[in-house]
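Take a look at the letters that make up each chain.
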Amino acid sequence: MKVFDLHCDTLSELRYAEEAGQPKSFAENDLQIDLKKLQKGDYMLQCFAAFVNLARPGQDPLVAALEEIDIFKRIMAKYSDFIAPVYQPEDLRKNAEAGKISGMLTIEEGGCCKGSLGVLRLMHELGVRMMTLTWNHENELASPQRNPGGVLVPQTEKGLTGTGFAFLAEMERLHMIVDVSHLSDKGFWDIVEHGTRPFAASHSNCRALAPHCRNLTDEMIRALANKGGLVGLNYCSGFLDNQPEEKLCRSTTALMAKHAAHFKQVGGIEIIGLGSDFDGIGGKLEMDDCSKLPLLADALCREGFTEDEVEAIFYRNARRFFEENL
């Protein structure tokens, strides 16, 4: 079954490997995503995030993002017989007809733009088609969920800044998808109130089932659905399970299917996609790389989803969302 995945951190892992003088081949490596695994998993599209940690010592966030975009461009050029970039909706169809996987460039951490609309526009020219306004740190655009002493808790008072609202308007003008994963609760509602186009939560689950503040409340799920949005199921154990300690949390396809069922009940089947967070998550994973997606299809069927609904979750909903909004 074809697969669309809204989020992975493979580019940053490849950058770290290059910095360490031990570069990894995208063709085949020890990460959760490589070309061989994508082919085995029958992927139609993988979103590749240029991820930047603003707290990493000695790092210029803009340079870091550009280096990861350069890695994406090199991958697309070197393996062009097998994978090709998506810049506009027609590229999805053309790549599929050519038997190629599609790669979409995204950004995880809008702070890499340093508050500059000019940099944002240049990122779009380079091919970025979706961006989170924040990761786990405050930046010029918005506040994330609060992180006191390394503990994530809901941030309900601080949302988008004035610059953040300007970025929202410009991203919508450019048809760059606004991604609310990692954004504060207040920031989420700022997007709902002031945004005019559908938005995404590329890698977030249901707070009703797992109380991690990175997940969406039922009210948020309904608001996203009413805006025509899309959410990607996150495979991280802490976002799936509700154990009292995060180290006890499990990442199983059965839990993923439970979150999918809750999304369906609250927001409808049309909002659900996949957002693995591969190469950004660790621990014991039942589905530990991108070749293992049939395990999730089986779990969704056991949860009561029809084959048509599983196909919608795996690729059709995301394909429609991008075709309508890029």
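What you see is a predicted model, and the numbers here were worked out from it, not measured in a lab. Residue numbers here run from 1 along each chain, matching the order of that chain's written sequence. Local features in this predicted model are restricted to residues whose pLDDT is 70 or higher, and side-chain atom pairs enter the listing and the counts only when it is 80 or higher, whereas totals over whole chains, interfaces and linings include all residues. Heavy atoms throughout the structure, all of them, feed into the side-chain values; hydrogens and water do not.

Draft legend 1. Representation of the pattern of salt bridges in the model. We define a salt bridge as a side-chain nitrogen of Lys or Arg found within 4 Å of a carboxyl oxygen belonging to Asp or Glu. Scanning the model with the defined rule gives 25 salt bridges in all. For Asp30, the salt bridge identified is with Lys24, shortest N-O distance 2.8 Å. Each residue is assigned to one of three classes by its accessible area relative to the maximum for its type, calculated with a 1.4 Å probe on protein chains only: buried under 20%, partly exposed between the two thresholds, exposed over 50%. We classify Asp30 as exposed; its relative accessible area is 61%. Judged by its relative accessible area of 31%, Lys24 is partly exposed. The structure contains a network of salt bridges with shared partners spanning Arg15, Glu19, Arg56 and Glu68.

Draft legend 2. Spatial organisation of the state of the cysteines. By disulfide we mean two sulfur atoms from cysteines, separated by a distance within 2.5 Å. A full pass over the atoms with the stated rule returns 0 disulfides. For Cys236, which is in no disulfide, the shortest distance to another cysteine sulfur is to Cys249 and amounts to 8.4 Å.

Draft legend 3. Region of the structure containing unusual backbone geometry. Positive phi is not limited to glycine here, since Lys114 has a value of about 55°. In this fold, Lys114 is placed in the loop between strand S4 (101-108) and helix H5 (117-126). With a phi angle near 85°, His182 is a residue other than glycine that sits in the positive phi range. As for its position among the elements, His182 is in the loop between strand S6 (177-179) and helix H7 (185-194). Only DSSP runs of H or I reaching four residues or more are called helices, and only runs of E reaching two or more are called strands; each is numbered from the N terminus.

Draft legend 4. Inspection of the pairing of strand S8 (residues 230-233) at higher detail. The two faces of S8 match: Leu230 and Gly232 on one face and Val231 and Leu233 on the other face are all buried. In this description, strands pair whenever DSSP reports at least two bridges between them. Here strand S7 (residues 200-201) pairs with S8 via 2 bridges, running parallel. Its bridge partner being in S8, Ala201 is matched across the sheet by Val231. Read as a crossover between parallel neighbours, the route from S7 over helix H8 (residues 218-226) to S8 is right-handed. Handedness is read with the strands pointing away from the viewer; a crossover is right-handed when the path from the first strand over the helix to the second is clockwise.

Draft legend 5. Layout of the nonpolar core. Residue types Ala, Val, Leu, Ile, Met, Phe, Trp, Tyr and Cys, when buried and joined through side-chain atoms within 4.5 Å, form a set referred to as a nonpolar core. Counting residues in hydrophobic clusters, the biggest one holds 103 residues, and the most contacted among them are Phe26, Met123, Phe314 and Phe322. Whether two residues are in contact is decided by their heavy atoms: any pair within 4.5 Å suffices. Excluding anything up to four places from it in sequence, Phe26 contacts Leu14, Ile33, Asp34, Leu35, Leu38, Phe48, Ile75, Tyr79 and Ile83.

Draft legend 6. Representation of the packing of H5 against helix H6 (residues 162-174) within the structure. Running from N to C, H5 and H6 point in directions that differ by 25°, and their axes come no closer than 11 Å. Compared by their axis directions, H5 and H6 come out roughly parallel. At the point where H5 passes H6, the crossing takes the right-handed sense. From H5, Leu117, Leu120, Arg121 and His124 reach across to H6, where they touch Ala166, Phe167, Glu170, Met171, Arg173 and Leu174. Following the grouping adopted for this structure description, the nonpolar residues are Ala, Val, Leu, Ile, Met, Phe, Trp, Tyr, Cys and Pro, the charged ones are Asp, Glu, Lys and Arg, and the polar ones are all others, Gly among them. Residue composition of the contact of H5 with H6, grouped by class: 6 nonpolar, 1 polar and 3 charged. For helices, the fitted axis covers only the stretch in contact; all axes are lines through C-alpha atoms, and the angles between them, taken along N-to-C directions, range from 0 to 180 degrees. Roughly parallel refers to an angle under 35 degrees, roughly antiparallel to one over 145, roughly perpendicular to one between 65 and 115, and oblique to any angle outside these ranges. What makes a crossing left-handed is the near helix being turned counterclockwise from the far one by less than a right angle; a clockwise turn instead makes it right-handed.

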